[in-house]
Amino acid sequence: MEKYRKIRRKLVENQMPWWYSGIEMDLKMIYIIVSLIYPEWCDDADIRHQDGYTIKWKHYTRFALEDLRKTGVLKKVNPGKRDGRWVKI
């Protein structure tokens, strides 16, 4: 399995236990924490070929956030904005 899919699967399966309910986090902080937990899977030099600039592991981390939003674990703080603020419910 591709390492980025592993990141997504792990984040969704364990529901980000380091993140406490009611705490807001921005996407940059989430990226820092994920890279500290899974340093072997977080290679900033691995870029998506589709657009030429998106870092793959960050892309899959966003997928995990959306998966957790759909299951009611997380929600966007400002759903109408692209400010990257999330809160754990």
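My aim in this report is to walk through the structure given alongside it, one point at a time. All values reported here derive from a predicted model rather than from experimental measurement. (Residues numbered from 1 in each chain as written. Predicted model: local features only at pLDDT ≥ 70, side-chain atom pairs only at ≥ 80, totals over all residues. Heavy atoms only, no water.)

## Brief notes about the nonpolar core
Piece 1. Core analysis: the biggest nonpolar cluster contains 23 residues, and I7, W19, V34, W57 and L65 have the highest contact counts within it.
Piece 2. Taken together, the elements giving at least two residues each to this core come down to α1 (3-14), α2 (27-37) and α3 (56-70). (Core = buried A, V, L, I, M, F, W, Y, C linked by side-chain atoms within 4.5 Å. Buried < 20%, exposed > 50% of the residue type's maximum accessible area, 1.4 Å probe, protein only. Helix = DSSP H or I, 4+ residues; strand = E, 2+ residues; numbered from the N terminus.)

## Notes on the pattern of salt bridges
Piece 1. Throughout the structure, instances matching the rule amount to eight salt bridges.
Piece 2. A salt bridge links D67 to R8, with the nearest nitrogen and oxygen atoms 2.8 Å apart. Separated by 59 residues along the polypeptide, D67 in helix α3 and R8 in helix α1 bring together distant segments of the chain.
Piece 3. According to the relative accessible area criterion, R8 is partly exposed, its value standing at 26%.
Piece 4. The partner of D46 in a salt bridge is K56, and the shortest N-O contact between them spans 3.5 Å. With D46 in the loop between α2 and α3 and K56 in helix α3, the pair connects residues that are ten residues apart, well separated along the chain.
Piece 5. A network of salt bridges, in which partner residues are shared, links E66, R69 and K76. (Salt bridge = Lys/Arg side-chain N within 4 Å of Asp/Glu carboxyl O.)

## A word on the pairing of strand β3 (residues 85-88)
Piece 1. Strand direction decides the pairing type here: strand β1 (residues 24-26) and β3, joined by three bridges, are antiparallel. Counted as the bridge partner of E24 is V87 from β3. (Pairing = 2+ DSSP bridges.)

## Structural notes on a nonpolar patch on the surface
Piece 1. The grouping of M29, I32 and L36 at the surface amounts to a nonpolar patch, some 310 Å² of accessible area in total.
Piece 2. Mapped onto the secondary structure, M29 falls in helix α2.
Piece 3. In this structure M29 comes out as partly exposed when scored by relative accessible area, which is 39%. (Patch = residues over 30% accessible without salt bridge, like charges linked within 9 Å, V, L, I, M, F, W, Y side chains within 5 Å. Areas by Shrake-Rupley, 256 points an atom, 1.4 Å probe, with all protein chains shown as cover.)

## Concerning α3
Piece 1. Its 15 residues place the ends of α3 21 Å apart at the C-alpha level, agreeing with the 21 Å of an ideal helix rising 1.5 Å per residue.
Piece 2. Restricting attention to buried positions, one finds in α3 the residues K56, W57, H59, Y60, T61, A64, L65, D67 and L68.
Piece 3. The inward-facing, buried residues of α3 abut α1, α2, β2 (74-76) and β3.
Piece 4. Count one or two residues on from α3 and you reach G72, which has phi positive near 85°. (Expected span 1.5 Å × (residues − 1). Contact = heavy atoms within 4.5 Å.)

## Brief notes about the packing of aromatic side chains
Piece 1. On inspection of all chains with the given rule, the structure shows five aromatic pairs.
Piece 2. Relative to Y60, the ring of Y4 has its centre 6.3 Å away and its plane inclined at 25°; by these criteria the two rings are stacked. In this pair, Y4 sits in helix α1 while Y60 sits in helix α3, placing the two residues 56 residues apart along the sequence. Comparing Y4 with Y60 shows no difference in burial state: the two are buried.
Piece 3. Ring geometry for W18 versus W19: centroids 6.0 Å apart, planes at 10°, classification stacked.
Piece 4. Of the residues examined, W18 reaches a relative accessible area of 21% and is grouped as partly exposed.
Piece 5. Residue class for W19 comes out buried when judged on its relative accessible area of 1%.
Piece 6. Members of the aromatic cluster, joined through ring pairs, are Y4, Y60 and F63. (Phe/Tyr/Trp six-rings, centres within 6.5 Å; stacked < 30°, edge-to-face > 60°.)

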